[in-house]
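Close look at the chain arrangement
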Amino acid sequence: MLRIVRTRAELREALATAPRPVGLVPTMGWLHDGHRALIHRARTENATTVVSIFVNPRQFGDPADLEKYPRSEARDIALCTEEGVDLVFAPSVEEVYPPGFDTMVKVGAVAEPLEGAARPGHFDGVATVVAILFDLVGAEHAYFGQKDAQQLLVIRRMALDLALPTEAIAHPTVREADGLAMSSRNVHLSPAERAAAPVLARALRAARALHADGERSAEALRSEMRRILAEEPLASPEYVSVADTGTLRELDAVTGPALLSMAVHFGPTRLIDNEIIE
Ligand code: AMP
């Protein structure tokens, strides 16, 4: 039976007697099949599955972006019920950030490039809320999507440095049939933008193919991704990156694993995608 809790105290009380291990899936709601895959994985690897649903204001730079973020708790709870979730933590902003809240978690170098550079303060908000969730839930395992590759590195750094015992587990990106990575933000795409959006996945595939053919110049892979993105007039690329999978520093030569990633605007909607090449 699914139980919904809204306060820190109720959450701790519900977890005090929960069978171990506990798996946590942190989300901002508007759940889709990407979240579903994380929840399913958590269910198979843990005795108790906790899903948090919290649109975290501190990770949004733009108030308009926060305002229009899609929400439907009823729909999210229905999905959690279907998936056999044990506990949903759906707190208010005041419950997560008590009055006078004045502590932030700031991760260093790995949070700086890419999404960190494009969205100042974003990862401070992410690291802070995940530190609070890790502490409140005390899960053995927490599940994150590979779609937010940098987020995963930031959280692993944070958990190691702050001695939080929760292990962050990565799950592959779940995609629509045409390759578009599932995202709560896809709902904002107009029909024409939706039709154009699979260009991110196509650009990643093209770069991967070039690499498989023996290309080792990172700049050649970036150019290939930019070339494919340029074929789509509705797509405005923000960055295209070929970076070290551990440090996220841009590479010159691809001699080992590399993270191909990009952020692309379609009108007011910003999409990200990535792929690791081995
Ligand atoms: P969000 O609700 O967008 O903050 O995402 C919550 C978690 O779900 C994060 O760990 C995301 O990386 C993950 N996630 C979002 N979209 C996908 C996807 N298409 N495939 C796999 N995981 C995803």
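The shown structure was predicted, so the numbers you read here are calculated from the model rather than taken from an experiment.

The rules behind each value
- Residues numbered from 1 in each chain as written.
- Predicted model: local features only at pLDDT ≥ 70, side-chain atom pairs only at ≥ 80, totals over all residues.
- Heavy atoms only, no water.
- Near = heavy atom within 4 Å.
- Polar contact = N/O pair within 3.5 Å; in protein donor to acceptor, adjacent residues only side chain to side chain.
- Areas by Shrake-Rupley, 256 points an atom, 1.4 Å probe, with all protein chains shown as cover.
- Helix = DSSP H or I, 4+ residues; strand = E, 2+ residues; numbered from the N terminus.
- Expected span 1.5 Å × (residues − 1).
- Buried < 20%, exposed > 50% of the residue type's maximum accessible area, 1.4 Å probe, protein only.
- Core = buried A, V, L, I, M, F, W, Y, C linked by side-chain atoms within 4.5 Å.
- Contact = heavy atoms within 4.5 Å.
- Phe/Tyr/Trp six-rings, centres within 6.5 Å; stacked < 30°, edge-to-face > 60°.
- Lys NZ or Arg CZ within 6 Å of the ring centre and 35° of its normal.
- Pairing = 2+ DSSP bridges.
- Right-handed = clockwise from strand over helix to strand, strands pointing away.

With respect to spatial proximity, 17 residues lie near the ligand, and among them Met28, His35, Asp148, Val174 and Met182 are the closest. The contact in question runs from an oxygen atom of the ligand to an N or O atom on the backbone of Gly145, over 3.0 Å. Burial of the ligand by the protein amounts to 93% of the accessible area it has alone, namely 480 Å². For the shell around the ligand, the elements supplying multiple residues, two or more each, are β2 (22-27), α2 (33-45) and β5 (141-145). When residues of the shell around the ligand are assigned to their parent elements, the largest contribution, 3 residues, is made by α2.

Attention now moves to α2. Under the 1.5 Å per step criterion, the end-to-end length of α2 is 18 Å for 13 residues, consistent within 8% with the ideal 18 Å. Turning to α2, its buried residues are Gly34, His35, Ala37, Leu38, Ile39 and Ala42.

This part is about the nonpolar core. Residues Phe134 and Met158 are the most contacted members of the largest nonpolar core, which totals 46 residues. Elements that contribute at least two residues to this core include exactly α1 (8-16), β2, β4 (87-89), α7 (122-137), β5, α8 (149-161) and β8 (258-266). Sorting elements by how many residues they give to this core places α7 first, with 11 residues. Each residue touching Phe134, except ones within four places of it in the same chain, is listed here: Leu24, Ala139, Ala142, Phe144, Ile155, Ala159, Leu164 and Thr166.

Turning next to the packing of aromatic side chains. By the definition in use, this model includes 4 aromatic pairs. Plain terms: the ring middles of Tyr97 and Phe101 are 4.8 Å apart, the flat faces sit at 70° to each other, and that makes the pair edge-to-face. Classification of Tyr97 as buried rests on a relative accessible area of 6%. With a centroid separation of 6.3 Å and 55° between ring planes, the pair formed by Phe134 and Phe144 is classed as tilted. Of this pair, Phe134 sits in helix α7 while Phe144 sits in strand β5, and the two are 10 residues apart along the sequence. Both residues of the pair, Phe134 and Phe144, belong to the buried class. One aromatic cluster in this structure is built from Phe54, Tyr97 and Phe101. Directly above the ring of Trp30 sits Arg75, whose terminal nitrogen or CZ lies 4.3 Å from the centroid.

Further remarks concern unusual backbone geometry. Cis geometry marks the peptide bond from Arg20 to Pro21, where omega comes out at -5°. In this model, Leu114 sits at a positive phi of 50°, which is unusual for a non-glycine residue. The phi dihedral of Leu248 is positive, around 65°, even though this residue is not glycine. As for its placement among the helices and strands, Leu248 is situated in the loop between β7 (236-244) and β8. Leu248 gets classed as buried once you look at its relative accessible area, which sits at 1%.

A few words now on the pairing of β2. Judged by how many residues are buried, β2 sits mostly within the fold: 6 of 6 residues are covered. With burial as the criterion, each face of β2 is covered, one bearing Val22, Leu24 and Pro26 and the other bearing Gly23, Val25 and Thr27. As paired elements, β2 and strand β3 (residues 48-53) share 6 bridges and run parallel to each other. Bridge pairing in β3 places Thr27 opposite Ile53.

Moving on, we come to the side chain of Gln151. Summarising the element assignment, Gln151 is placed in helix α8. When residues no more than four places from it in sequence are discounted, the contact partners of Gln151 are Phe123, Val126 and Phe144.

Counting buried residues along β3, 6 of its 6 residues qualify, which places the element largely inside the surrounding structure. Residue alternation in β3 divides its side chains into two sets, Thr48, Val50 and Ser52 and Thr49, Val51 and Ile53, and both sets are buried. A crossover connection joins β2 to the parallel β3 through α2; in handedness this β-α-β unit is right-handed. The sheet contact formed by β3 and β4 spans 3 bridges and is parallel. Across the sheet, the residue bridging to Val50 is Leu87, located in β4.

Coordinates in, geometry out; function isn't part of it.
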